[in-house]
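So the chains spell out like this:
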Amino acid sequence: MTSITQRIAGLFRIKANKALEKAEDPREVLDYSYEQQREMLQKVRRGVADVATSRKRVELQVSQLRQSAEKLQGQAEQALAAGREDLAREALTRRTAVAAQITDLEGRQGSLKDQEEKLTLAAQRLAAKVDAFRTRKETIKAAYTAAEAQTSITEAVTGIGEEMGDVGLAMQRAQDKTEQLQARAGALDELIASGVLEDATLPAGRDDIQAELERVTAGQDVEIELARMKAQLPASPAPAAVEGPDSPKGPSDQEAKS
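Conventions adopted
Residues numbered from 1 in each chain as written. Predicted model: local features only at pLDDT ≥ 70, side-chain atom pairs only at ≥ 80, totals over all residues. Heavy atoms only, no water. Helix = DSSP H or I, 4+ residues; strand = E, 2+ residues; numbered from the N terminus. Buried < 20%, exposed > 50% of the residue type's maximum accessible area, 1.4 Å probe, protein only. Contact = heavy atoms within 4.5 Å. Salt bridge = Lys/Arg side-chain N within 4 Å of Asp/Glu carboxyl O. Phe/Tyr/Trp six-rings, centres within 6.5 Å; stacked < 30°, edge-to-face > 60°. Lys NZ or Arg CZ within 6 Å of the ring centre and 35° of its normal. Expected span 1.5 Å × (residues − 1). Core = buried A, V, L, I, M, F, W, Y, C linked by side-chain atoms within 4.5 Å. Polar contact = N/O pair within 3.5 Å; in protein donor to acceptor, adjacent residues only side chain to side chain. pLDDT = per-residue confidence, 0-100.

**Student:** So, the overall build of the chain: which residues are in play, and what are the values?
**Tutor:** Scanning the chain from terminus to terminus reveals six helices and zero strands. When the helices and strands of the chain are read in sequence order from the N terminus, they spell out α-α-α-α-α-α. Relative to its 258 residues, the chain shows a buried fraction of 13%. Long-range contacts, defined here as pairs at least 24 residues apart, represent 76% of the contacts in the chain between residues at least 6 apart.

**Student:** So, the pattern of salt bridges: which residues are in play, and what are the values?
**Tutor:** All chains considered together, the criterion is met by 15 salt bridges. For Glu 35, the salt bridge is made with Arg 38, and the minimal N-O distance between the two is 3.9 Å. Of this pair, Glu 35 and Arg 38 both sit in helix α2 (residues 26–81), three residues apart, which is roughly one turn of the helix. Classification of Arg 38 by relative accessible area gives partly exposed; the value is 38%. The closest approach of N and O atoms between Glu 138 and Lys 137, which form a salt bridge, is 2.5 Å. Connected via shared salt-bridge partners are Asp 31, Lys 137, Glu 138 and Lys 141.

**Student:** Tell me what's going on with the environment of Ala 100, and back it up with residues and numbers.
**Tutor:** Relative to the helices and strands, Ala 100 resides in helix α3 (residues 85–158). Counting along the chain gives 35 residues from Ala 100 to Leu 65, while the straight-line C-alpha distance between them is 9.9 Å.

**Student:** Break down the packing of aromatic side chains for me, citing the residues and quoting the values.
**Tutor:** Applying the stated criterion across every chain yields a total of zero aromatic pairs. Its end group placed over the ring of Tyr 34, Lys 137 keeps NZ or CZ at 5.1 Å from the ring centre.

**Student:** So, α2: which residues are in play, and what are the values?
**Tutor:** Along its 56 residues, α2 runs 83 Å from first to last C-alpha, staying within 8% of the 82 Å computed at 1.5 Å per residue. Once α2 ends, the next one or two residues include Gly 83, with phi positive near 80°.

**Student:** So what about the nonpolar core? Which residues, and what values?
**Tutor:** Of all hydrophobic cores here, the largest spans ten residues; its members are Val 51, Val 58, Val 62, Leu 65, Ala 69, Leu 72, Val 98, Ile 102, Leu 105 and Leu 112. Elements with a contribution of two residues or more to this core: α2 and α3. Sort the elements by how many residues they give to this core and α2 lands first, with six residues. Sequence-distant contacts of Leu 72, defined by excluding residues within four places in its chain, comprise Ala 91, Arg 94, Arg 95 and Val 98.

**Student:** An account of the side chain of Arg 55 is requested, with residue identities and associated values reported.
**Tutor:** In this structure, Arg 55 sits in helix α2. Of note is the side chain of Arg 55, whose polar atom sits 2.7 Å from the side chain of Glu 59. In contact with Arg 55, not counting residues within four places along its chain, are Gln 109, Leu 112, Lys 113 and Glu 116.

**Student:** Can you tell me about the confidence of the model for the chain, naming the residues and giving the values?
**Tutor:** Averaged over all residues, the pLDDT of the chain equals 77, while 67% of them reach at least 70. The spread of mean pLDDT over the elements of the chain runs between helix α6 (residues 253–257), the lowest at 45, and α2, the highest at 91. Segment residues 247–258 is flagged for pLDDT under 50; beyond a separation of four residues in sequence, or across chains, it makes zero contacts in the model.

**Student:** Go over the environment of Arg 136 with me, naming the residues and quoting the values.
**Tutor:** The residue Arg 136 is located in helix α3 in this model. The spacing of Arg 136 and Leu 30 is 106 residues in sequence and 9.6 Å in space, taken between C-alpha atoms.

Here it is, written out as structure tokens:
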């Protein structure tokens with residue numbers, strides 16, 4: 001049962017992959033990838049800005065602590081001059097603690113500076129890659145658009161596209177059906193002429209003998225009508241006799257005139 005389920009799941013994955021591949025537009029995929037890279041670059045740049053902000057904050061803290069240490073140093077000297085050794089000792093104790101804080105912050109400041117430099121270099125490299133990807137993306141998109149247009153034109157001309165293919169198949173089916181009907185009509189005409197089939201439009205009771213008699217009668221009627229038309233034609237004049245050497249001569253033309 002598990003094997004059948006796995007096979008069905010695999011079949012659905014295959015069908016889904018084919019459907020996605022058919023519906024997928026590479027140009028949209030490239031644009032999406034480019035946007036993802038831009039977002040990543042923005043995150044890196046924000047990281048650089050955050051590190052730089054932290055480093056600057058530490059610098060300000062170190063500067064303030066140094067001012068505090070100088071102030072405590074001055075207070076210790078004043079207290080010692082005034083004979084207040086206890087106050088001088090307290091001021092020097094605080095100054096020592098401030099100096100320890102300054103040392104710790106300076107170490108953190110150096111670490112932040114190194115991190116900022118690394119992130120800045122990474123951002124520069126990533127920006128160069130994103131810009132190169134954008135150029136390559138536009139080139140691929142232009143080539144894909146041109147290939148898609150060329151394919152559409154070629155399919156339209158050759159008729160192998162899906163829509164044109166359907167039109168071509170419909171025309172072929174119509175032509176085949178027309179030829180089939182023409183052949184059937186011709187065959188039926190031959191069968192009727194040979195007497196195998198009867199013409200359903202003729203009156204009932206007609207047979208081949210009757211049809212032959214009607215053809216003969218029709219032929220006789222034609223001959224009778226033709227003879228009648230000849231009899232009604234006017235009689236043509238008889239041709240003049242040709243005079244020979246022995247033929248009796250009639251009066252000359254001069255005598256006839258006189």
